[in-house]
Amino acid sequence: MPLPNPNRNEVSLELGSRKFLARASFNFISQLEEYFNIPLTQVVYERLPTGQLYGKDLLVIFAAGIEAAKQEYSEDDLKDAIDEAGVEASIYEAVKLIMAAFKGPQTNTGKKKN
């Protein structure tokens, strides 16, 4: 797995013993909004804090991020990784990926630190 590039909103997902590169891109956001049928902000502020996520939701979130990073995966491998990681760890990784969409790219401002 390549190292994540924060300038591209990429994160490393750790699901059990497996690691995946994922990206919070515009297409990632669009896929999630279409799947949940609500804006991503509503997913973050209404669904995530109450734990209203289904197993299929986690699969869709991870698949959208991995696809956005142009990485190869199989649905069965991703399901196995979610099983291995467990629900709590999987939700943590899903939140990490979704929140990367709100951070924006981490760029060099050109300012020198004293």
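Source: prediction; values computed, not measured. All chains use their own residue numbering, which begins from 1 and follows the written sequence. Predicted model: local features are reported for residues with pLDDT of at least 70 only, side-chain atom pairs are reported and counted for 80 or more only, and whole-chain, interface and lining totals are derived from all residues. Note that the side-chain values use all heavy atoms of the structure and ignore hydrogens as well as water.

Undergrad: Help me understand the overall build of the chain in this model?
TA: The helix and strand tally for the chain stands at five helices and two strands. Ordered by position from the N terminus, the helices and strands of the chain form the series β-β-α-α-α-α-α. Summarising its shape, the C-alpha atoms of the chain cover approximately 45 × 30 × 25 Å along the three principal directions. Expressed as a percentage of the 114 residues in the chain, the buried residues total 39%. Each accessible area is a Shrake-Rupley result for a 1.4 Å probe, and residues are judged covered by the shown protein chains and nothing else. Roughly 7200 Å² of accessible area belongs to the chain as shown, and the carbon and sulfur atoms make up 49% of that amount. The convention is simple: Lys and Arg are positive, Asp and Glu are negative, and His and the chain ends are not counted. Just so you know, the charge point we use is NZ for Lys, CZ for Arg, CG for Asp and CD for Glu. Side chains of the chain give 13 positive and 16 negative charges; the mean places of these two sets differ by 13 Å. Think of it this way: any DSSP run of H or I at least four residues long counts as a helix, any run of E at least two long counts as a strand, and we number them from the N terminus. Relative accessibility decides the category of a residue: with a 1.4 Å probe and only protein chains considered, values under 20% of the type maximum give buried, values over 50% give exposed, and everything between is partly exposed.

Undergrad: How do you make sense of the pattern of salt bridges when you look at a structure like this?
TA: Pairing is possible between side chains of opposite charge, provided their charged atoms come close. By definition, a salt bridge exists where a carboxyl oxygen of Asp or Glu is found within 4 Å of a side-chain nitrogen of Lys or Arg. By the definition in use, this model includes five salt bridges. The salt bridge partner of Arg47 is Asp57, with a shortest N-O separation of 3.1 Å. Highlighted residues: Arg47 in helix α2 (residues 40-47) and Asp57 in helix α3 (residues 55-68), separated in sequence by ten residues. On the basis of relative accessible area, Asp57 is assigned to the buried category, the value being 3%. Across the pair Glu93 and Lys96 runs a salt bridge whose closest N-O atoms are separated by 2.9 Å. In this pair, Glu93 and Lys96 both sit in helix α5 (residues 87-103), three residues apart, roughly one turn of the helix. Under the relative-accessibility criterion, Glu93 is labelled buried at 6%. In this structure Lys96 comes out as partly exposed when scored by relative accessible area, which is 27%.

Undergrad: Explain the nonpolar core to me, please; I cannot follow it from the model alone.
TA: Note on soluble globular proteins: their nonpolar side chains tend to be buried together. Membership of the largest hydrophobic core comes to 33 residues, with the highest contact counts inside it found for Phe28, Leu32 and Ile61. Those elements that place two or more of their residues in this core are β1 (10-15), β2 (18-23), α1 (26-36), α2, α3, α4 (75-85) and α5. Among the elements that line this core, the one with the most residues is α3, at nine residues. What makes two residues a contact is simply this: any of their non-hydrogen atoms within 4.5 Å. In contact with Phe28, not counting residues within four places along its chain, are Arg23, Ile61, Ala64, Gly65, Ala68, Leu97 and Ile98. Nonpolar cores are built from buried Ala, Val, Leu, Ile, Met, Phe, Trp, Tyr and Cys residues. Side-chain atoms within 4.5 Å join them into one set.

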